[in-house]
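Okay, here's what each chain looks like letter by letter:
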Protein chains: 2
Amino acid sequence: MKSIDTLLSRLRQRGLRITPQRRVILEFLVNEESHPTAEQVYQRVSSLMPDISRTTVYNTLRELSDLGELAPVQDLSQDGRRYDTSTEPHHHLYCVACHTIIDIHRDFEGMSLSPEEASGYQILSHQATFYGICPDCQSPASVATQAGWTVDPDALNSET
Amino acid sequence: MKSIDTLLSRLRQRGLRITPQRRVILEFLVNEESHPTAEQVYQRVSSLMPDISRTTVYNTLRELSDLGELAPVQDLSQDGRRYDTSTEPHHHLYCVACHTIIDIHRDFEGMSLSPEEASGYQILSHQATFYGICPDCQSPASVATQAGWTVDPDALNSET
DNA sequence: GTAGGTGCAAACAATTTGCACTCTT
DNA sequence: AAGAGTGCAAATTGTTTGCACCTAC
């Protein structure tokens, strides 16, 4: 995400009002790279502004998303929609155990489709996701503490 | 997905019973390439077996998914979890207007991470998603009929 | 002053679960 | 016969909405 000031003026331009709630949400998001869910944003901002409501967090995230200042992340986990503060094209490294996502900001050459492969689709963008196990989750002790998660042993082979 | 018979014997091997409900669900899935949701599977199979319950469909899809015979699809749409009957590694071509997904069964060379980029992750697999607009959705009339969907004009530029 | 924003509670939608009954094995 | 599976209804979870009050502009 850009700086707070850039963002605030963008929102003003689009006719949105700068409320204290929106300000605190944006301040949290600006330096956040963890692809949080609405609930996670709510937890963090409500420690700074205890009376903020979930509704406001949900509404604000949806509005930012509609404006293109925030990108919904496709995610196999069940924890709800996650948001990406990086709206530039990039790729993801995803831990199948703890669902941590790391952004990969680089291009892969050759990652494009021939006209036949595109089946008439007008291609707008593309994104790669690398599935793996993060360093923290590679130690058995750590895996055991991933509440609700057991890593399928079959999944622990090398890349297919 | 493989043939019905292969699937049935696999399930038997794993100790699952072959009920009429599971049979009809599998028969539907075997030749399905549309990445359906549980609800869509339910709609289709309930036309063949009107008394089947959603619970059974949901349970069966989850079991097949746990067994690795079905893969959950990462999907930006809000229509619920979708299932991929192809469990081999492959890529996706996704229509942002109507959410149609087409499988792309080929490899992209160079789509791999250096050790530094992998940040200590043990990589298991990877998948690319190409976002675009399918032929049906490229005609304005068709776009207009996509209930609940408006394609953001900004999104209609060429690939970034 | 006024339209837009907030926050409560209620509505919704997708999925899971508890449980009595049924059917595959 | 025994235990897995089914299907109903109820519970859960993530998210949106209706609406009265509030506040940034």
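In this text, all values refer to a predicted model and were calculated from it rather than measured experimentally. (Residues numbered from 1 in each chain as written. Chains lettered and ligands numbered in written order. Predicted model: local features only at pLDDT ≥ 70, side-chain atom pairs only at ≥ 80, totals over all residues. Heavy atoms only, no water.)

Draft legend 1. Quick look at the overall build of chain A. The helix and strand tally for chain A stands at six helices and five strands. Each helix (α) and strand (β) of chain A, taken in turn from the N terminus, gives the series α-α-α-α-β-β-β-β-β-α-α. With 160 residues in all, chain A has 42% of them scored as buried. For chain A, long-range pairs separated by at least 24 residues make up 46% of all intrachain contacts whose partners lie at least 6 apart in sequence. For chain A, the computed accessible surface area is about 8600 Å², with 48% contributed by carbon and sulfur atoms. (Helix = DSSP H or I, 4+ residues; strand = E, 2+ residues; numbered from the N terminus. Buried < 20%, exposed > 50% of the residue type's maximum accessible area, 1.4 Å probe, protein only. Contact = heavy atoms within 4.5 Å. Areas by Shrake-Rupley, 256 points an atom, 1.4 Å probe, with all protein chains shown as cover.)

Draft legend 2. Structural detail: the nonpolar core. Residues M111, L113 and F130 of chain A together with M111, L113 and F130 of chain B are the most contacted members of the largest nonpolar core, which totals 42 residues. Put simply, the parts of the chain that give this core at least two residues each are β3 (91-95), β4 (101-104) and β5 (122-133) of chain A together with β3 (91-95), β4 (101-104) and β5 (122-133) of chain B. When sequence neighbours within four positions are dropped, the list of residues in contact with L113 of chain A reads A118 and I123 of chain A together with L93, I104, R106, F108 and F130 of chain B. Among the nonpolar cores identified, the runner-up in size contains 22 residues, and I25, A38, I52 and Y83 of chain B belong to it. (Core = buried A, V, L, I, M, F, W, Y, C linked by side-chain atoms within 4.5 Å.)

Draft legend 3. Structural detail: the packing of helix α1 (residues 4-13) of chain A against helix α2 (residues 20-30) of chain A. All names here are of chain A. At a minimum axis distance of 10 Å, the contact between α1 and α2 shows a crossing angle of 135°. By the angle between their directions, the pair α1 and α2 is classed as oblique. With respect to the hand of their crossing, α1 and α2 are arranged in right-handed fashion. On α2, the residues touching I4, L7, L8 and L11 of α1 are R23, L26, E27 and V30. (Axes fitted to C-alpha atoms, helices over the stretch in contact; angles between N-to-C directions. Parallel < 35°, antiparallel > 145°, perpendicular 65-115°, else oblique. Left-handed = near helix turned anticlockwise from the far one by under 90°.)

Draft legend 4. Structural detail: the packing of aromatic side chains. Going through the model one piece at a time under the given rule, you end up with four aromatic pairs over all chains. Considering the side-chain rings of F108 of chain A and F130 of chain A, the 5.6 Å spacing of their centres and the 45° angle between planes classify their relative orientation as tilted. Here F130 of chain A lies in strand β5 and F108 of chain A lies in the loop between β4 and β5, a separation of 22 residues in the sequence. For the pair F108 of chain A and F130 of chain A, a shared accessibility class is recorded, and that class is buried. On the numbers, 5.8 Å between centres and 80° between planes, the contact of Y94 of chain B with Y131 of chain B is edge-to-face. Note that Y94 of chain B is positioned in strand β3 and Y131 of chain B in strand β5, a separation of 37 residues in sequence. Note on Y94 of chain B: relative accessible area 5%, which makes it buried. (Phe/Tyr/Trp six-rings, centres within 6.5 Å; stacked < 30°, edge-to-face > 60°.)

Draft legend 5. Here's a closer look at the confidence of the model for chain A. For chain A, per-residue confidence averages 87 on the pLDDT scale, and 86% of positions sit at 70 or higher. Within the model, the stretch residues 143-160 of chain A combines pLDDT values under 50 with 25 contacts to residues more than four positions away or in other chains. (pLDDT = per-residue confidence, 0-100.)

Draft legend 6. Region of the structure containing the pattern of salt bridges. Tallying each qualifying case throughout the model produces twelve salt bridges over all chains. Taking the shortest distance from any N to any O, the salt bridge between E69 of chain A and R14 of chain A comes out at 3.9 Å. Here R14 of chain A lies in the loop between α1 and α2 and E69 of chain A lies in the loop between α4 (54-66) and β1 (71-73), a separation of 55 residues in the sequence. You can call E69 of chain A buried: its relative accessible area is 3%. Residue class for R14 of chain A comes out partly exposed when judged on its relative accessible area of 44%. A salt bridge links R10 of chain B to E69 of chain B; the nearest nitrogen and oxygen atoms lie 3.1 Å apart. Pair noted here: R10 of chain B is in helix α1 (residues 4-13) and E69 of chain B is in the loop between α4 (54-66) and β1 (71-73), with a separation of 59 residues, a long-range link. One connected set of salt bridges, linked through shared partners, spans R10, R14 and E69 of chain A. (Salt bridge = Lys/Arg side-chain N within 4 Å of Asp/Glu carboxyl O.)

Draft legend 7. Quick peek at the relation of the copies chain B and chain A. Under the fitted operation, chain B is carried onto chain A by 0.0 Å of movement along the axis and a turn of 180°, and the coordinates agree to an RMSD of 0.1 Å. Read as a symmetry element, the transformation amounts to a two-fold axis. Among all C-alpha atoms of chain B, that of A128 of chain B lies closest to the rotation axis, at 2.1 Å. A shared binding surface is used by both copies, with 100% of the interface residues of chain B retained as interface residues in chain A. (Least-squares fit on C-alpha atoms with pLDDT ≥ 70 in both.)

Draft legend 8. Structural view of the protein's contact with DNA strand C. Surveying the vicinity of DNA strand C reveals 19 residues, the closest of which are T19, R22 and T56 of chain A together with R17 and R81 of chain B. In DNA strand C, atoms within 4 Å of the protein come 74% from sugar and phosphate. Between a phosphate oxygen of DNA strand C and a main-chain N or O atom of I18 of chain B, the distance comes to 2.9 Å. Listed by contribution, the elements that provide at least two residues to the surface near DNA strand C are α2 and α4 of chain A together with α4 of chain B. Ranked by residue count, the leading element in the surface near DNA strand C is α4 of chain B, at four residues. Residues belonging to the surface near DNA strand C are distributed by class as follows: five nonpolar, eight polar and six charged. (Near = heavy atom within 4 Å. Polar contact = N/O pair within 3.5 Å; in protein donor to acceptor, adjacent residues only side chain to side chain. Nonpolar A, V, L, I, M, F, W, Y, C, P; charged D, E, K, R; others polar.)

Draft legend 9. Inspection of the interface of chain B and chain A at higher detail. Facing the 48 residues of chain B at the interface are 48 residues of chain A. Across the chain B/chain A interface, buried area totals approximately 4300 Å², and carbon plus sulfur atoms make up 54% of it. At the junction of chain B and chain A, the tally comes to two salt bridges. Put simply, E117 of chain A and R106 of chain B hold a salt bridge, and the shortest N to O gap is 2.6 Å. Here chain B and chain A share 18 residue pairs in polar contact (both at pLDDT 80 or more) between them. Going through the elements one at a time, β1, β3, β4, β5 and α5 (135-138) of chain B are the ones with two or more residues in the side of chain B that touches chain A. Across the side of chain B that touches chain A, the residue classes tally to 25 nonpolar, 17 polar and six charged. The pairing of β5 of chain A with β5 of chain B spans eleven bridges and is classified as antiparallel. When the sheet's bridge partners are listed, T129 of chain A is paired in β5 of chain B with Q127 of chain B. (Buried area = accessible area lost by both parts, 1.4 Å probe. Pairing = 2+ DSSP bridges.)

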